[in-house]
2 protein chains.
Amino acid sequence: MRYAVPMAWDTAATRQALLDAGARQFAERGFAGARMDAIGADAGVNKERVYQYFGNKRGLFDAVLADRLGDLLGAAHAPSPGSGAAGIAAYAGALFDRFAERPELARLLAWESLELDGAADAVARTARCASQADVLASALPGLSPAAAQQLLLSIVTLCAGWWTLARVSEMVAPGSDAPARRAVLVTQAEALARAA
Amino acid sequence: MRYAVPMAWDTAATRQALLDAGARQFAERGFAGARMDAIGADAGVNKERVYQYFGNKRGLFDAVLADRLGDLLGAAHAPSPGSGAAGIAAYAGALFDRFAERPELARLLAWESLELDGAADAVARTARCASQADVLASALPGLSPAAAQQLLLSIVTLCAGWWTLARVSEMVAPGSDAPARRAVLVTQAEALARAA
DNA sequence: CCCAATTGCAAACGGATGGTTGGAGATGCG
DNA sequence: CGCATCTCCAACCATCCGTTTGCAATTGGG
């Protein structure tokens, strides 16, 4: 039959468009709530292409999580060795900024934890988290690896929390906005680093 | 037609059973992922009863959130006036314990933030959060109301985070378990209180 | 005891939805 | 240029699912 538009090939662009649309739709509505029709429409591609490139809805979700969250913690500017609590504070600010410029990242983290029993691309991402914890350990001489992991976990939890627990934020700190929350988190990260 | 079992009335029990089943199913799968058939089966009640008592699926979800999360922060043992950073630390431990004994609470908080634009029963819950922030302010003389709100928000975010960002916890702190995480959070809450 | 109102159930409805199918159009190679 | 293969689309399928319907059973008041 005649199609609405001429149908040129662009395999890489189609796949990327589906990943981008999938990221938007899964961030907004989660795995269960996202609709294949909506993903296709958002991508400007027929939804049948998802099955060709990713296998099924779950395959696309895993691909989106791996693609978007693969090096989330490393994407924020890391503290320098020996930079101490100030370096950790700056890292918290940079991570918060990362979430602020791409709020779908925090939301995808939250959906992943609620809807999946295991993280997408867990082995690679766990290795990257270990590297990032090592970076924090080198910023704070004397910090054990386990303590660095706990510190990093708290910083990520606090920074992402503005988006992952947005309703809680609205009720507990109704007068706050993102810049105010960022400032508090930078101070709190420094305090956590000092106490670590 | 003949029913599978005799059909006695118990209005209050039926409503409670649906709330309890709804809490379990919504905590596990979220609003979009929960199934009305499964809620009815879990409650041991015909799913049609949800429409009689709560209007529709969304009405049940709102009722569950209001019922389970209404006084979440107050349910944990509050710090005494003037009890200082130690009181805040103990409060963090109590809140973590609250989440540990009823992990559906943290998950419901997260689903609410991801799936709704506004919290259920927001006015009442915001008032309760303000009261709880006042309790923290009285525990730490000199703490401003806004700073108390930010401190409370960070404590809630950190305590709930073990469940709301469970996959992140597994990747960032793979060797940690709940008791270890609890101990770190108690220490971290004390550090945050000192810096507030 | 009778009857109106209420509660509860099984079955059905209409629309939604993930996934599949058949075929058109594009590409690349001989 | 012809043909095999690949990419893409529109339409369809089978099942799912929130909600409604018709009626049975229970309850309580006169």
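Everything quoted here is computed from the prediction, not taken from an experiment.

Trainee: For this particular structure, what's the right way to read the domain arrangement of chain A?
Mentor: A common way to state how big an interface is: give the accessible area lost once the parts meet. All names here are of chain A. Once the domains are mapped, chain A shows domain 1 (11-68) and domain 2 (70-195). Distance between the C-alpha centres of domain 1 and domain 2: 27 Å. In this assembly, 16 residues from domain 1 lie in contact with twelve residues from domain 2. Interface area for domain 1 against domain 2, summed over the two sides, is near 1200 Å², with a carbon-plus-sulfur share of 63%. When the buried surface of domain 1 facing domain 2 is broken down by residue, Ala27, Leu65 and Arg68 rank first, second and third, together holding 49% of it. Taken together, the connections running from domain 1 to domain 2 amount to zero salt bridges.

Trainee: So what exactly am I meant to see when it comes to the interface of chain B and chain A here?
Mentor: Between chain B and chain A, the contact holds 51 residues from the first and 51 residues from the second. Taking both partners together, chain B and chain A bury about 4400 Å²; carbon and sulfur atoms supply 68% of that area. On the chain B side of the interface with chain A, the three residues burying the most area are B:Leu114, B:Arg167 and B:Met171, jointly 18% of the side's total. Here chain B and chain A share 16 residue pairs in polar contact (both at pLDDT 80 or more) between them. For the side of chain B that touches chain A, the secondary structure elements donating two or more residues are helix 1 (11-33), helix 7 (104-115), helix 8 (122-139), helix 9 (145-164), helix 10 (166-172) and helix 11 (178-195) of chain B. Considering each element in turn, the side of chain B that touches chain A owes the most residues, 13 residues, to helix 9 of chain B. The class makeup of the residues in the side of chain B that touches chain A is 29 nonpolar, 13 polar and nine charged.

Trainee: Any chance you could explain the nonpolar core here in plain terms?
Mentor: A general trend in soluble globular proteins is that nonpolar side chains are found buried together. Counting 136 residues, the largest nonpolar core has A:Phe99 and B:Phe99 as the members making the most contacts within it. Residues in contact with A:Phe99, not counting those within four places in the same chain, are A:Leu72, A:Leu105, A:Ala106, A:Leu109, A:Val156, A:Cys159, A:Ala160 and A:Trp163.

Trainee: Whenever I open this one, the state of the cysteines confuses me. Can you help?
Mentor: A covalent bond bridging the sulfur atoms of two cysteines is what the word disulfide describes. Residue and element names in this part refer to chain A. Here the structure, examined in full by the defined rule, presents zero disulfides over all chains. With no disulfide of its own, Cys129 lies closest to Cys159 among cysteine sulfurs, the gap being 14 Å. Here Cys129 falls in the buried class, since its relative accessible area comes to 8%.

Trainee: I'm lost on the relation of the copies chain B and chain A in this one. Help?
Mentor: Superposing the two chain copies requires a rotation about an axis and a translation along that axis. The operation relating chain B to chain A is a screw motion whose rotation component is 180°, with 0.0 Å of axial translation and a residual RMSD of 0.0 Å. Here the symmetry operator amounts to a two-fold rotation axis. Both copies present the same face, since 100% of the interface residues in chain B are matched by interface residues at the equivalent positions in chain A.

Trainee: What exactly am I supposed to notice about the environment of A:Thr11 here?
Mentor: With respect to the helices, strands and loops of the structure, A:Thr11 is situated in helix 1 (residues 11-33). When the C-alpha atoms of A:Thr11 and A:Ala119 are compared, they prove to be 27 Å apart, with 108 residues separating the residues in sequence.

Trainee: Can you walk me through the environment of A:Glu115 in this structure?
Mentor: Position of A:Glu115 relative to the elements: it lies in helix 7 (residues 104-115). Sequence spacing of A:Glu115 and A:Gly30 is 85 residues, and the spatial spacing of their C-alpha atoms is 8.0 Å. Setting aside its immediate chain neighbours within four residues, A:Glu115 contacts A:Gly30, A:Phe31, A:Ala32, A:Phe61 and B:Trp111. A distance of 2.7 Å separates the side chain of A:Glu115 from the backbone nitrogen of A:Phe31, its partner in a polar contact.

Trainee: Would you explain a positive patch on the surface in this entry?
Mentor: A cluster of basic residues, A:Arg29, A:Arg35, B:Arg29 and B:Arg35, forms a positive patch at the surface. With respect to the secondary-structure elements, B:Arg29 resides in helix 1.

Trainee: Which parts of the structure should I look at to understand the pattern of salt bridges?
Mentor: Oppositely charged side chains can form a pair if their charged atoms are brought close together. All names here are of chain A. Per the counting criterion, the structure on display carries 24 salt bridges over all chains. One salt bridge connects Arg24 with Asp42, and the closest N-O pair in it is separated by 2.9 Å. Separated by 18 residues along the polypeptide, Arg24 in helix 1 and Asp42 in helix 2 (residues 36-43) bring together distant segments of the chain. Arg194 is the salt-bridge partner of Glu190, the closest N and O atoms lying 2.7 Å from each other. Note that Glu190 and Arg194 are positioned in helix 11 (residues 178-195) at a spacing of four residues, about one turn of the helix. Shared partners join several salt bridges into a network, and the residues in it are Asp20, Asp67 and Arg68.

Thresholds, definitions, all that
Residues numbered from 1 in each chain as written. Chains lettered and ligands numbered in written order. Predicted model: local features only at pLDDT ≥ 70, side-chain atom pairs only at ≥ 80, totals over all residues. Heavy atoms only, no water. Domains from an automatic or database assignment. Contact = heavy atoms within 4.5 Å. Buried area = accessible area lost by both parts, 1.4 Å probe. Salt bridge = Lys/Arg side-chain N within 4 Å of Asp/Glu carboxyl O. Polar contact = N/O pair within 3.5 Å; in protein donor to acceptor, adjacent residues only side chain to side chain. Helix = DSSP H or I, 4+ residues; strand = E, 2+ residues; numbered from the N terminus. Nonpolar A, V, L, I, M, F, W, Y, C, P; charged D, E, K, R; others polar. Core = buried A, V, L, I, M, F, W, Y, C linked by side-chain atoms within 4.5 Å. Buried < 20%, exposed > 50% of the residue type's maximum accessible area, 1.4 Å probe, protein only. Disulfide = S-S within 2.5 Å. Least-squares fit on C-alpha atoms with pLDDT ≥ 70 in both. Patch = residues over 30% accessible without salt bridge, like charges linked within 9 Å, V, L, I, M, F, W, Y side chains within 5 Å. Areas by Shrake-Rupley, 256 points an atom, 1.4 Å probe, with all protein chains shown as cover. Lys, Arg positive; Asp, Glu negative; His and termini not counted. Charge placed at Lys NZ, Arg CZ, Asp CG, Glu CD.

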